[in-house]
Amino acid sequence: MALLFVIPPLPPASASDAYGWALWSADGRQVREHGSAVPALLPSADEVLLGVPAAVLSWHQVTLPQGSLGGNVRVRALLNGLLEDRLLDDPEQLHFALAPGAQAGAPAWVAACNRAWLRAAVQAIESTGRRVMRIVPEWAPLPVGAPSMVFATGDDDKALVTVCDASGVVTLPLDAASMAVVGTLPEDTTLQTEPAVAERAEQLFEQRIPILTTEARWMQASQSPWDLAQGDLASNGRARAGKKFNAVMQTLRHAPQWRAARWGAVLLIAAQLVGVNAWAWKERNALEAKRGAVRSMLTQTFPAVQLVVDAPVQMSREVALLQVATGGVTASDVEPMLAALGTSLPPGRMPTAIDYSGGQLRVRGLGLPASDAERLSSTLSTLGYSARSEGDLLLVQAESPR
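This is a predicted model, so every value here is computed, not measured. (Residues numbered from 1 in each chain as written. Predicted model: local features only at pLDDT ≥ 70, side-chain atom pairs only at ≥ 80, totals over all residues. Heavy atoms only, no water.)

With that settled, the discussion passes to the sheet that holds strand β3 (residues 31-37). The 5 strands are arranged β3-β2-β1-β4-β8 in an open sheet whose pairing can be described as mixed. Of all strands in the sheet, those bounded by a partner on one side alone are β3 and β8 (132-137). Strand-to-strand twist across the sheet, computed as the mean angle between neighbouring axes with direction ignored, equals 20°. As paired strands, strand β2 (residues 19-24) and β3 are joined by 6 bridges and run antiparallel to one another. (Pairing = 2+ DSSP bridges. Helix = DSSP H or I, 4+ residues; strand = E, 2+ residues; numbered from the N terminus. Axes fitted to C-alpha atoms, helices over the stretch in contact; angles between N-to-C directions.)

Put into structure tokens, the structure is as follows:
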């Protein structure tokens, strides 16, 4: 499953502006292609992620009151009130997204960006038949206690430095003035730079800085737990659940930390398949051995039988023929039928007429109620006979061998 990560142009954007993109292999380890193109010319992919540049996002920390997470409309109205004094733009013009796992009564981060711009970017991609599965920020605030991260990005014409820590995300021009604002960085700070601005960044920070390509940085962003597709950008509960399920499945399928679990699941399934097939093979052999024993018994007992189709039925037929030939009594003869009927009739019930022909016994005059007739039929069935009532007539005959 190929993953396509798309970065829209900064506002104000037009329909002819190119979108940056990178296409990864299914395991997320290899960049297949990258470049920039208008939405109609973006490559095909199984999953499309939209990245929001840090330059268009602002971050705000709020504490939501208890009972405020009951619905999108309520959360939106509450965020409008909480952030109104902190924003430069009208809250109605902005799109808000709460941090994953935000809880009432605890501080939570809120990402804000221009609503019309973000909606236009999503519509431009989806108008080409591609569905945006998630919207992720280029960077997001780090958890409390996590070491700070600093990224130098861009090119010679527009070089930027972004600082991420537990207090938020700040993007500034990559110059000496910004370094004065950033100040002294903690010793455990992670520094990374894109190749185009590596020399300038190393001069300003006065140290060697590891190189991070734009595509690798986008891959890091794609693994963020954030999803900015909230509120009116999340069409309904089913769509949100589908996106969340898809994100979980992608993590389980491709995340390196789940590799051991994936191999364990594959080995478990393989072991189960081998075990089931071995057990089925053993059962088939045992059943075939029993069938062979029955066929052997039939052919040894009755050598005249050359072709075995249904051994139990053929053996029963041969036994009946042998009994007839030797004058023996079979279950379909009148004597065994009368004996079985006599032991099964309710006390005091005597027939007025008995007729036997063709292996069927016809009995009249019993006058059995429905309950006694059903009980009689059940008793005769255990003795190998079937019985049914037709008015005052009771028909009894030997059951066919199974």
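Looking now at the environment of Ser36. Mapped onto the elements of the fold, Ser36 is located in strand β3. Judged by relative accessible area, which is 52%, Ser36 ranks as exposed. Considered as a pair, Ser36 and Ile7 are 29 residues apart in the sequence and their alpha carbons are 9.0 Å apart. When neighbours within four sequence positions are excluded, Ser36 is seen to be in contact with Ala18, Tyr19, Gly20 and Trp21. (Buried < 20%, exposed > 50% of the residue type's maximum accessible area, 1.4 Å probe, protein only. Contact = heavy atoms within 4.5 Å.)

Glycine aside, a negative phi is what most residues show, and trans is what most peptide bonds show. In this chain, Pro11 is followed by Pro12 through a cis amide linkage whose omega measures -5°. The backbone of Glu206 shows a phi angle near 55°, a positive value even though the residue is not glycine. One can find Glu206 in the loop between α4 (198-205) and α5 (214-222). Judged by relative accessible area, which is 70%, Glu206 ranks as exposed.

Time to look at the sheet that holds strand β12 (residues 190-193). The 4 strands lie next to each other as β11-β10-β9-β12, forming an open sheet whose pairing is mixed. Either end of the sheet is taken by a strand with one partner, and the two such strands are β11 (168-173) and β12. Taken pair by pair, the neighbouring strands of this sheet meet at an average axis angle of 15°, ignoring direction. Where strand β10 (residues 159-165) meets β11, 6 bridges bridge the pair, whose relative direction is antiparallel. Across the sheet, the residue bridging to Val163 is Val170, located in β11. Lying on the sheet, α4 is in contact with β9 (149-154), β10 and β12; it crosses β12 at an angle near 145°.

Now for the side chain of Asn80. Within the secondary structure, Asn80 is located in helix α1 (residues 72-83). Of the residues examined, Asn80 reaches a relative accessible area of 13% and is grouped as buried. Setting aside anything within four residues of it in sequence, one finds Asn80 in contact with Pro91, Glu92 and Phe96.

What follows deals with the confidence of the model for the chain. Interpretation of the predicted coordinates at a detailed level should be avoided for regions scoring low in pLDDT. Put simply, the chain has an average pLDDT of 84, and 91% of its residues get 70 or more. Averaged pLDDT values for the elements of the chain fall to 58 in helix α6 (residues 237-254) and rise to 93 in β12. (pLDDT = per-residue confidence, 0-100.)

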